Amino acid sequence: MKSKDFTLDKKNKPSNIILTIVFSAISLIYVLPVLVVLMNSFKFNEYVNSTTFELPNAMSFAGFNNYIKGMTFGNYPFFNSVFYSFTITILSTILILLCTSMCAWYLSRVDNFICKVVYYLCVFSMVVPFQMVMFTL
Amino acid sequence: MKDRKRIKRLNPLRAYFPIFVLPTLAAFIIGFLYPFIKGIYLSFCTFRTTSDAKWVGLENYIKAFNDEGFFHAFWYTALFTLVSVIVINLFAFMVAYVLTRGIRGSNTFRTVFFMPNLIGGIVLGYIWQMIFDGILRNYGTSIVLDSRFGFWGLIILMAWQQIGYMMIIYIAGLQSVPEELNEAAKIDGANGWQVLKNITIPTVMPSITICTFLTLTNSFKLFDQNLALTNGAPIAFTAEGAIKQTEMIALNIYNTFYTNANWRGVGQAKAVLFFILVAAIALIQLRFTRKREVQQ
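Thresholds, definitions, all that
- Residues numbered from 1 in each chain as written.
- Chains lettered and ligands numbered in written order.
- Predicted model: local features only at pLDDT ≥ 70, side-chain atom pairs only at ≥ 80, totals over all residues.
- Heavy atoms only, no water.
- Helix = DSSP H or I, 4+ residues; strand = E, 2+ residues; numbered from the N terminus.
- Rg over C-alpha atoms; globule rule 2.2 N^0.38 Å.
- Buried < 20%, exposed > 50% of the residue type's maximum accessible area, 1.4 Å probe, protein only.
- Contact = heavy atoms within 4.5 Å.
- Areas by Shrake-Rupley, 256 points an atom, 1.4 Å probe, with all protein chains shown as cover.
- Lys, Arg positive; Asp, Glu negative; His and termini not counted.
- Charge placed at Lys NZ, Arg CZ, Asp CG, Glu CD.
- 1 Å grid on protein atoms, 1.4 Å probe; cavity = no way out; pocket = protein on both sides within 12 Å on 5 of 7 lines; lining within 4 Å.
- Points joined across faces, edges and corners; volume = space filled by probe spheres on them.
- Nonpolar A, V, L, I, M, F, W, Y, C, P; charged D, E, K, R; others polar.
- Polar contact = N/O pair within 3.5 Å; in protein donor to acceptor, adjacent residues only side chain to side chain.
- Domains from an automatic or database assignment.
- Phe/Tyr/Trp six-rings, centres within 6.5 Å; stacked < 30°, edge-to-face > 60°.
- Buried area = accessible area lost by both parts, 1.4 Å probe.
- Salt bridge = Lys/Arg side-chain N within 4 Å of Asp/Glu carboxyl O.
- pLDDT = per-residue confidence, 0-100.
- Axes fitted to C-alpha atoms, helices over the stretch in contact; angles between N-to-C directions.
- Parallel < 35°, antiparallel > 145°, perpendicular 65-115°, else oblique.
- Left-handed = near helix turned anticlockwise from the far one by under 90°.

Our next topic: the overall build of chain B. When helices and strands are tallied, chain B shows 14 helices and 4 strands. By the compact-globule yardstick of 19 Å for 296 residues, chain B is too spread out, its C-alpha radius of gyration being 24 Å. For chain B, the spread of C-alpha atoms along the three principal axes comes to 75 × 70 × 30 Å. Here chain B holds 296 residues, and the buried ones make up 47% of them. Put simply, 72% of the contacts in chain B that link residues at least 6 apart link residues at least 24 apart. Summing over all exposed atoms, chain B offers an accessible surface of approximately 15600 Å²; the carbon and sulfur share of this is 65%. Of the side-chain charges in chain B, 26 are positive and 15 negative, and the distance between the mean point of each set is 11 Å.

Shown next, in the form of structure tokens:
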């Protein structure tokens, strides 16, 4: 790459400073939806629908009520779901890493008919839409 | 022939096939190959559960072709795919192009643009539904009342989600453009546009191939966002029945399965047609863009 002082010089070119400003504005718009969600998470339910883009005021401010309700809602507590997600993620990642790396190593080393078939089947499975196997699975 | 046989016998790795490949292959067959083949078989049957299938031949396909909602979903999906592929790739390339020029704060911008990817499809749909409805309420309407709002809403949603991911691929491609080529072109007196057209785009063609492939198949197979944002509303009533105006193919197949138990065979037939369609489009697209790639 280039030497450091050269890149520094490039950074201070007027056109690049304008670009930085433009992109800061775009980035701000880009994160706005997330901020709106965060803001609305502190409002009572009816105010989310009526005043979506206003900051919570004394009337609509719900404090952490929504969060407490979210954690304890229904007959299946939130943290249980989190625990399940974690278990499935960790176990499946370990299994996937182990099995697929072994398989990939073998497929790249051995070049016979079966290996080619397995390889192309794997590639093929990426295009198949989920609806195709949804019901039979 | 004789030589190949001898090499095979000599290859000591052959004995390890069961250990190395079999676990993955077994999982693959259980999780994909068996359901896939059974799915093709079931598309010729009438069934409620997979075990009571009764062979009916091509009847399901005829029903699928006569289903107006399916055709509407197909054209809607095609239009959506066309617009979203163009919008996503154009903006992703532009953003990547600017962010590889070494402007201040590039890394922060990359993070910001990539962030929407970390949110799941269903959640995204609900977030944007809330925002669109928040805006449209001021005009006395809602996203589920007009199919145009549903269409452009989905485009905005998908662009917001996918631009960051495609941008990362384009940045990787742009960084591999050799600096010598750019300098040589500048010495020859090429302006910025000529450099972009004759050097940058041909060298990042592999990235363009991957990105168009990903956006194309993603848009065609789109389901979560469609379900969460509008779920097919508004519904138009015709002589044939109700047609959901913003329903895409994947959602149409899902609804065929789970709203009418007698139409499961038809749903499966639609799924087979859908698969053939996606595979054909993906193949054509790969052929088309591979031809334009240059060797370095």
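That shown, we press on.
Moving on to the overall build of chain A. A tally of regular secondary structure across chain A gives 7 helices and 0 strands. Going from N to C terminus, chain A has its helices and strands arranged as α-α-α-α-α-α-α. Taken along the three principal axes of its C-alpha coordinates, chain A extends 70 × 60 × 25 Å. When the 137 residues of chain A are sorted by exposure, 25% land in the buried category. Counting every atom, chain A has about 9700 Å² of accessible surface; 74% of that belongs to carbon and sulfur. Here chain A contributes 9 positive and 5 negative side-chain charges, whose respective centroids are spaced 8 Å apart.

All names here are of chain B. Counted under the stated rule, the structure contains 1 cavity of 30 Å³ or more. Its volume calculated, the largest cavity comes out at about 30 Å³. Considering the residues around the largest cavity, the lining is formed by Leu216, Thr217, Phe220, Val278, Ile281 and Ala282. Within the lining of the largest cavity, the residues separate by chemical class into 5 nonpolar, 1 polar and no charged.

Moving on, we come to the layout of surface pockets. Quantified by volume, the second largest pocket comes out at close to 740 Å³. Listed by contribution, the elements that provide at least two residues to the lining of the second largest pocket are helix 2 (14–40), helix 3 (45–50) and helix 4 (65–72) of chain A together with helix 7 (121–136) of chain B. Sorting elements by how many residues they give to the lining of the second largest pocket places helix 4 of chain A first, with 6 residues. Of the residues contributing to the lining of the second largest pocket, the split by class is 10 nonpolar, 7 polar and 2 charged.

Moving on, we get to the side chain of Asn89(B). All names here are of chain B. Of note, Asn89 is situated in helix 5 (residues 68–99). Within polar-contact distance, the side chain of Asn89 engages the backbone oxygen of Val85 at 2.8 Å. Setting aside its immediate chain neighbours within four residues, Asn89 contacts Tyr170, Cys211, Thr212 and Thr215.

A few words now on the domain arrangement of chain B. For chain B, the assigned domains are domain 1 (1–32) and domain 2 (63–290). For domain 1 of chain B versus domain 2 of chain B, the separation of C-alpha centres amounts to 39 Å.

Turning our attention to the packing of aromatic side chains. Going through the model one piece at a time under the given rule, you end up with 34 aromatic pairs over all chains. Three or more aromatic residues joined by ring pairs form one cluster here, namely Phe23(A), Tyr30(A), Phe109(B), Phe113(B), Trp128(B), Phe132(B) and Trp160(B).

Contacts between the two partners involve 68 residues from chain B, matched on the other side by 50 residues from chain A. Surface buried jointly by chain B and chain A totals about 5100 Å² across both partners, of which 77% is contributed by carbon and sulfur atoms. Counting the surface chain B buries against chain A, the share from its top three residues, Phe20(B), Arg104(B) and Met130(B), is 13%. Across the contact surface, chain B and chain A share 0 salt bridges. Between the two partners, chain B and chain A, sit 3 residue pairs in polar contact (both at pLDDT 80 or more). If you list the elements that add at least two residues to the side of chain B that touches chain A, you get helix 2 (17–20), helix 3 (22–42), helix 5, helix 6 (106–114), helix 7, helix 8 (147–175), helix 13 (249–259) and helix 14 (264–290) of chain B. At 14 residues, the largest contribution of residues to the side of chain B that touches chain A is made by helix 3 of chain B.

This paragraph deals with the confidence of the model for chain A. Residue and element names in this part refer to chain A. Averaged over chain A, the pLDDT score is 81; the fraction of residues at 70 or greater is 91%. Mean pLDDT across the elements of chain A bottoms out in helix 1 (residues 4–11) (53) and peaks in helix 5 (residues 78–109) (90). Confidence drops under a pLDDT of 50 for residues 1–5, and excluding neighbours within four residues, the segment shows 3 contacts in the predicted structure.

All names here are of chain B. At their nearest, the axes of helix 13 and helix 14 sit 7 Å apart, and the two run at 160° to each other. In terms of their interaxial angle, helix 13 and helix 14 are classed as roughly antiparallel. Every pair of crossing elements has a handedness; the one defined by helix 13 and helix 14 is left-handed. Taking contact as the criterion, the partners of Ile249, Ala250, Asn252, Ile253, Thr256, Phe257 and Tyr258 in helix 13 are, on helix 14, Arg264, Gly267, Gln268, Lys270, Ala271, Phe274 and Leu277. The residue inventory of the contact of helix 13 with helix 14, partitioned by class, reads 8 nonpolar, 4 polar and 2 charged.

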